Amino acid sequence: MARSRAAYEYTEAEDKSMRLGFLLIAAGLLSLLGLGCCWLRPALQERGGGGSANCTVLAVRQLGERFACTFSCGAACRGTARYPCLQVLVRTSRSSAPALLHEDERQLRTNPKCSYIPPCARDDQENSENVTYKQKYWKEKVGSQPFTCYFNQHLRPDDVMLKRTHDETVLLHCFLWPVVTLLVGVLIVVLTICAKSLAIRAEAIKKRKHL
């Protein structure tokens, strides 16, 4: 009887496999829950209040106003520099009124008055050169060519964005790896249970032959 009961008990290796499987399942579920709250809800709100349109550049200009940005010069070193404000005014296919173009929602929230925020450098002249390069890009390379832009009624309905913050590729990668972790955990648990079941059956068949 004791020998039969021992056959049904998991070995130390099987017990570790089961624990690993349940740990991966829990990690996958918690990751999906966290990403669903942090990423999926804002993405759905963005899609619900926004859409795409065709944009054409109307004017590209630099304002006299300069804005502050923070640069990093080491682990415990930070400083403040300034950059000129670049505005790109566009006409959209959904409205004849001019709209201010932004890189994405993050840039729109950071500085709603400008169309571009350069990587913050220590030297103000370098920041100005980056903005001037962007200005030439919109004037000379893009010019009057139409391009796709995005709008969001929940933020500033009169402004448009060059790209969405919650891109389909980003969302795919954010949810792909938790799902893979969950499936690997389930697979480990199922394979461990199946291996144990086969071992018990093999033991039972072996006993019948001896009888």
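Residues numbered from 1 in each chain as written. Predicted model: local features only at pLDDT ≥ 70, side-chain atom pairs only at ≥ 80, totals over all residues. Heavy atoms only, no water.

- The name recorded for the protein chain in an unreviewed UniProt entry is Potassium calcium-activated channel subfamily M regulatory beta subunit 4, from Junco hyemalis.
- UniProt annotates the protein chain under Subcellular location (unreviewed entry) with the comment "Membrane". (UniProt positions renumbered as here; feature names shortened; annotations may be inferred.)

1. Digging into the overall build of the protein chain
Moving on, step 1. Scanning the protein chain from N- to C-terminus turns up 5 helices and 5 strands.
Moving on, step 2. From first element to last, N terminus to C terminus, the protein chain shows the α and β order α-α-β-β-β-α-α-β-β-α.
Moving on, step 3. Looking at the 211 residues of the protein chain, the share that counts as buried comes to 33%.
Moving on, step 4. For the protein chain, the share of sequence-separated contacts (at least 6 apart) that also reach a separation of at least 24 residues comes to 72%. (Helix = DSSP H or I, 4+ residues; strand = E, 2+ residues; numbered from the N terminus. Buried < 20%, exposed > 50% of the residue type's maximum accessible area, 1.4 Å probe, protein only. Contact = heavy atoms within 4.5 Å.)

2. Quick look at the environment of Lys-141
Moving on, step 1. Mapped onto the elements of the fold, Lys-141 is located in helix α4 (residues 124-142).
Moving on, step 2. Look at Lys-141 and you get exposed, because its relative accessible area is 57%.
Moving on, step 3. If we ignore the near neighbours within four places in the chain, the residues touching Lys-141 are Tyr-133 and Lys-136.

3. Comments concerning the confidence of the model for the protein chain
Moving on, step 1. In the predicted model, the protein chain carries a mean pLDDT of 82, and 82% of its residues have values of at least 70.
Moving on, step 2. Per-element mean pLDDT across the protein chain ranges from 50 in helix α1 (residues 2-8) up to 92 in α4.
Moving on, step 3. Scored below 50 in pLDDT, residues 1-5 makes 2 contacts in the model with residues more than four places away or belonging to other chains. (pLDDT = per-residue confidence, 0-100.)

4. Some remarks on the packing of aromatic side chains
Moving on, step 1. The tally for this structure, following the rule as stated, stands at 3 aromatic pairs.
Moving on, step 2. With a centroid separation of 5.5 Å and an interplanar angle of 80°, the aromatic rings of Tyr-137 and Trp-138 are classed as edge-to-face.
Moving on, step 3. Residue Tyr-137 is classed as partly exposed on the basis of its relative accessible area of 32%.
Moving on, step 4. Here Trp-138 and Phe-147 contribute two aromatic rings whose centre-to-centre distance is 5.4 Å and whose plane-to-plane angle is 50°, an arrangement assigned as tilted. The pair formed by Trp-138 and Phe-147 is uniform in burial state, with each residue classed as buried.
Moving on, step 5. These aromatic residues form a ring-pair network of at least three members: Tyr-137, Trp-138 and Phe-147. (Phe/Tyr/Trp six-rings, centres within 6.5 Å; stacked < 30°, edge-to-face > 60°.)

5. Considering the pattern of salt bridges
Moving on, step 1. Under the defined criterion, the tally for this structure stands at 5 salt bridges.
Moving on, step 2. Taking the shortest distance from any N to any O, the salt bridge between Arg-19 and Asp-15 comes out at 3.2 Å. Separated by 4 residues within a single helix, Arg-19 and Asp-15 lie in helix α2 (residues 12-49), roughly one turn from each other.
Moving on, step 3. For Asp-15, a relative accessible area of 30% puts it in the partly exposed group.
Moving on, step 4. Between Glu-65 and Lys-113 there is a salt bridge, with the nearest N and O atoms lying 2.7 Å from each other. One end of the pair, Glu-65, is in strand β1 (residues 50-74); the other, Lys-113, is in the loop between α3 (105-110) and α4, and 48 residues separate them in sequence. (Salt bridge = Lys/Arg side-chain N within 4 Å of Asp/Glu carboxyl O.)

6. Looking at the UniProt feature "transmembrane region" (unreviewed entry) in the protein chain
Moving on, step 1. With numbering matched to this structure, UniProt assigns "transmembrane region" (unreviewed entry) to residues 20-42 and 175-199.
Moving on, step 2. Helix makes up 100% of residues 175-199 and strand 0%. Its end C-alpha atoms lie 36 Å apart.

7. Overview of the nonpolar core
Moving on, step 1. With 17 residues, the main nonpolar core has Val-57, Val-88, Val-90, Leu-101, Trp-138, Phe-147 and Val-160 as its most contacted residues.
Moving on, step 2. Elements represented by at least two residues in this core include exactly β1, β2 (77-92), β3 (95-102), α4 and β4 (147-152).
Moving on, step 3. In terms of residue count, the dominant contributor to this core is β1 (4 residues).
Moving on, step 4. Non-local contacts of Trp-138, meaning those with residues more than four positions away in its chain, are made with Val-57, Val-60, Val-88, Leu-101, Gly-143, Phe-147 and Leu-162.
Moving on, step 5. By size, the runner-up hydrophobic cluster in this structure holds 7 residues, among which are Phe-67, Ala-81, Tyr-83 and Cys-85. (Core = buried A, V, L, I, M, F, W, Y, C linked by side-chain atoms within 4.5 Å.)

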